[in-house]
Each structure stands twice: as C-alpha cells, then as structure tokens.
Amino acid sequence: MSEYRNERKRAFVNNIRRLKSVKHKEQRQISRERKYRETNAIYDDYNQICNMDNLFDGYYMCRKNVHWKRRIQHFGYHLMENIGEMYYWLLQNKMISRGYKKFDINERGKLRHISSPDISERIVQIILYKKVLYPILTPCLIFDNGASLKGKGVEFARRRIKYHLVDFYRRYGVHGWVLLIDFKGYFESINHEVALSLLSMKIHDQRVLSICQQIFKQYGDCGVGLGSQLSQIVAVYYPNRIDHCMKETFHMKYYGRYMDDTYIIHPDRDVLEQCLKAILLIADQLKITINMKKTKIIKLENDFVFLKTKYHIEPETGRIVCISGRSSAKRERRKLRMWKRRLELPDDNPEKVNIETISQSYKSWRMFIDSQFDAHHLLLRMDDYYYNLFGEHPDLRKPRKCKRHRKSCIWNANFRGNNIQLQNKIKRKRYER
C-alpha cells in the first residue's frame, strides 16, 4: 500500500513539474514576442534609411580607411549636393545606382568574384544593414551561427567546434561521427524571390523590402555578390531554417555553421544520415545546392578538416589538436624568398626593403599561427628556415608549447566542477585539513 502511495506522489509531483515547465515555456514565448514587437517598432521603419543624419553617418562609415580613393574624394567634395540628391530619390522610394565594379581576386588559391558597389549605393546599404536588418535578423539566429556578425568570426567558429569536441569526448569518447556539409556556389545560387519572402516574414515595411529588391536586381537574375554588407547578412540569414531544424527538431547539440560550411557531431551515424536527408529537403525548398563531393560523414577517430583547420582527438587524453594547413607555411616560405630577393637589391632601387620590415612581416604571421593552432614544431622549422635565408634568428619568443597544451587539454578549468584535476586538488586539501 505504501509503495502505491509513493508512486501516486511521484506521479503527482511529475505532473506539477510538467505544468510548471509548460507555463514557463508559454511565458518565455510571450516575452520573446513582446521583445520582437518592441524591436520591430523601432527598427522596422523606412525613416531609418530616409534620414539626413543617418546618410551623413553612413558616408563617414563608408570612407573609413578608404578616404584616399578618387571616387570617395570626389563624392566628399560635393557632399551636400550628393546627400541631398540621395535623400530626394529615397523620398520617392528609389535609389541611385551606378552599377557595380566587378573584378576577381585569388584568395589562397581560390578564385572569388567580387561586386563592389558605388559609394552612393554603399551608403544606403550600410544604413540598411546597421539600422534595419542587423537588429531585426540577428535575434532570430542561433548562437552557433557565425560569419559577418559582431564578435563572431573564424576564431569564434574554431573555438565553438573545439568546445563541442571537448564536451562530446567527455560524454561519449572518440566513438562518434561528424557530418561536414558545404553549399555549392552559395552566394551565386541565392534566389531573390526566396530571400525577399524570408525577409518579409520579419520586415513588414514594404518600402524597406522595395529597396532590398532594387539592390538584388543589380546583381542579376540570381545570386548576391561578395563585397557588400547587405549580401553578407542575407547569406547568413538565408539557411536559418536549417539551423532551427537541426537544433529544435533533431536536437543536435553539437551543431555549428559558418556561412556555407556546416558540421554536426553525433555518436550515431544513422541519425546523421537522417539529418542530411532533412537538410537536402530544406535546401531544395531554398533553391540552393549541396556539394556532395565535400559533404561526407567521417569517424571522429580519424582527422577531419573544417575551415581549413585539421582537428585530431587524442583517444587517451582527449586533447584536441588543431593543425594548420600546409598551404599557410608554403605561402610564408614563398613570401620569405621574395623578401630575400628584394633585400639584395641595390640601395637606389625603390623596391628594396630592410630587415626590420621583413622581421615585422614574419612576426605577424608567426603570432597568428601560434595563437590559432598547435604548431610548436612547425614554428621551430620556420625559424630555422628564416635563419638559413637571412643569417639571423627572428627577434621572437619561442613557441608557447605549455600554454597551448593547457588551452587544448580537455580538462580545462572553464568546465566548472567537472574538472577532474581540480577536484583532486580540492580533495587533497580537504584531506590535509
């Protein structure tokens, strides 16, 4: 009889807890909707763009670090006239467009097509980005979504995947799988109609949507170009449905995305295959293509590459080793040989450089590699290569092997009370007392 009463009490307590959790969930939803309405009431307004003060602020933001360019100086000489003309056209819900300057750059062996807008159009885009789109769209993004957001760059994405690997090892060990996903021609394949429909779900001012549509038309029938902040925020927000599907429907804790590169870590391969099928369906609705050559499921016991960084988990200790790609050291060696040739030029040659410039250039590369990767032996080899070229060692400290080891070690003090080494120290102190 007592066991029956205890079961009834447990069931009663569990029902109360469920009711409380449901009420808390409803209250959180109500508070989110209230904050969303308050945010939209402030920023979802065309007057944020069609504003003389904001237009002047946008000009000074656009000229920062590029004020030496001819087009920027010419626009600044007739600033009042140009801003007045922009304000006149914006009052009619139109914008001045002088086309895009298109060119290609070779970024680390990869050809990228850049579309740079004129200064007049760039002012409107930066106001649209800072005053309207950024404050409205960023609250809708998940935390593990990086790229083109304040405080979230490549370093943030690398730090998050490292944290996920550490937490996964503490729960499941190295017996797991990682799904790597890459979109094919991502910026060129963004559909304008789909992008506008996604923006219309958050932005209700039709004049703002009309300006966005006019900007999209400048890129062509499909796709957005690299080189403008509007393209960046649209590209970050475009696959937002995939992020929420993985987090809320499939409850993928170890999930992250950096623009068009995505990873999912899970102990079951079948679950990852189901996630991939769901992502393919959503990608088909968004009219973007997944590159199946780069999309693959890899064992965590093997090394995998994400954002040009190779990750390796030591099975015994769980230490996460971040290895830099070979291309970085290869480019630096080529650069040092170029500096060597310019150093040997005669003094009257304008391309001649001094050893201080070479040392500063090498120091910047070396400090970046030392701060981002576990590259102790690589840096020692590069120091020897520098010595063989220039006959002296660079004026730098030795690679911080111990510090990097502490950062990469699984038993980090940031994991609060779960640090075994910290717990052992506390136990020894209590025993001594």
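Residues numbered from 1 in each chain as written. Predicted model: local features only at pLDDT ≥ 70, side-chain atom pairs only at ≥ 80, totals over all residues. Heavy atoms only, no water.

**With respect to the pairing of strand E6 (residues 261-266)**
Both faces of the sheet carry side chains from a regular strand, because those side chains alternate between them.
Stage number 1. In terms of burial, E6 is largely enclosed, as six of its six residues are buried.
Stage number 2. Side chains Asp261, Tyr263 and Ile265 project from E6 onto one buried face, and the interleaved Thr262, Ile264 and His266 project onto a second face that is buried too.
Stage number 3. Note that strand E4 (residues 177-184) and E6 share six bridges and pair antiparallel. Considered in E6, the bridge of Asp182 is made with Asp261. (Buried < 20%, exposed > 50% of the residue type's maximum accessible area, 1.4 Å probe, protein only. Helix = DSSP H or I, 4+ residues; strand = E, 2+ residues; numbered from the N terminus. Pairing = 2+ DSSP bridges.)

**Overview of the side chain of Ser328**
Stage number 1. Within the secondary structure, Ser328 is located in helix H12 (residues 326-343).
Stage number 2. Of the residues examined, Ser328 reaches a relative accessible area of 13% and is grouped as buried.
Stage number 3. Among the polar contacts made by the side chain of Ser328, one reaches the side chain of Trp365 at a distance of 3.1 Å.
Stage number 4. In contact with Ser328, not counting residues within four places along its chain, are Trp365 and Ile369. (Polar contact = N/O pair within 3.5 Å; in protein donor to acceptor, adjacent residues only side chain to side chain. Contact = heavy atoms within 4.5 Å.)

**Remarks on empty space enclosed by the protein**
Stage number 1. Taken as a whole and judged by the stated rule, the model has two cavities of 30 Å³ or more.
Stage number 2. Listed by contribution, the elements that provide at least two residues to the lining of the largest cavity are helix H6 (154-172) and strand E5 (254-258).
Stage number 3. Partitioning the lining of the largest cavity into residue classes produces five nonpolar, two polar and three charged.
Stage number 4. Here the second largest cavity defines a volume of roughly 40 Å³.
Stage number 5. Lining the second largest cavity are Met86, Trp89, Leu90, Lys94, Met95, Ile96, Ser120 and Val124.
Stage number 6. For the lining of the second largest cavity, the secondary structure elements donating two or more residues are helix H4 (79-91) and helix H5 (119-137).
Stage number 7. Across the lining of the second largest cavity, the residue classes break down as six nonpolar, one polar and one charged. (1 Å grid on protein atoms, 1.4 Å probe; cavity = no way out; pocket = protein on both sides within 12 Å on 5 of 7 lines; lining within 4 Å. Points joined across faces, edges and corners; volume = space filled by probe spheres on them. Nonpolar A, V, L, I, M, F, W, Y, C, P; charged D, E, K, R; others polar.)

**Quick word on the pairing of strand E11 (residues 320-324)**
Stage number 1. Along E11, four of the five residues are buried, which leaves the element largely enclosed by surrounding structure.
Stage number 2. Bridge count for strand E10 (residues 309-313) against E11 is five bridges, and the pairing is antiparallel. By the bridge assignment, Tyr311 is partnered in E11 with Cys322.
Stage number 3. Connecting E10 to the antiparallel partner E11 that follows it, the hairpin turn spans six residues, and Gly318 within it adopts a positive phi of roughly 80°.

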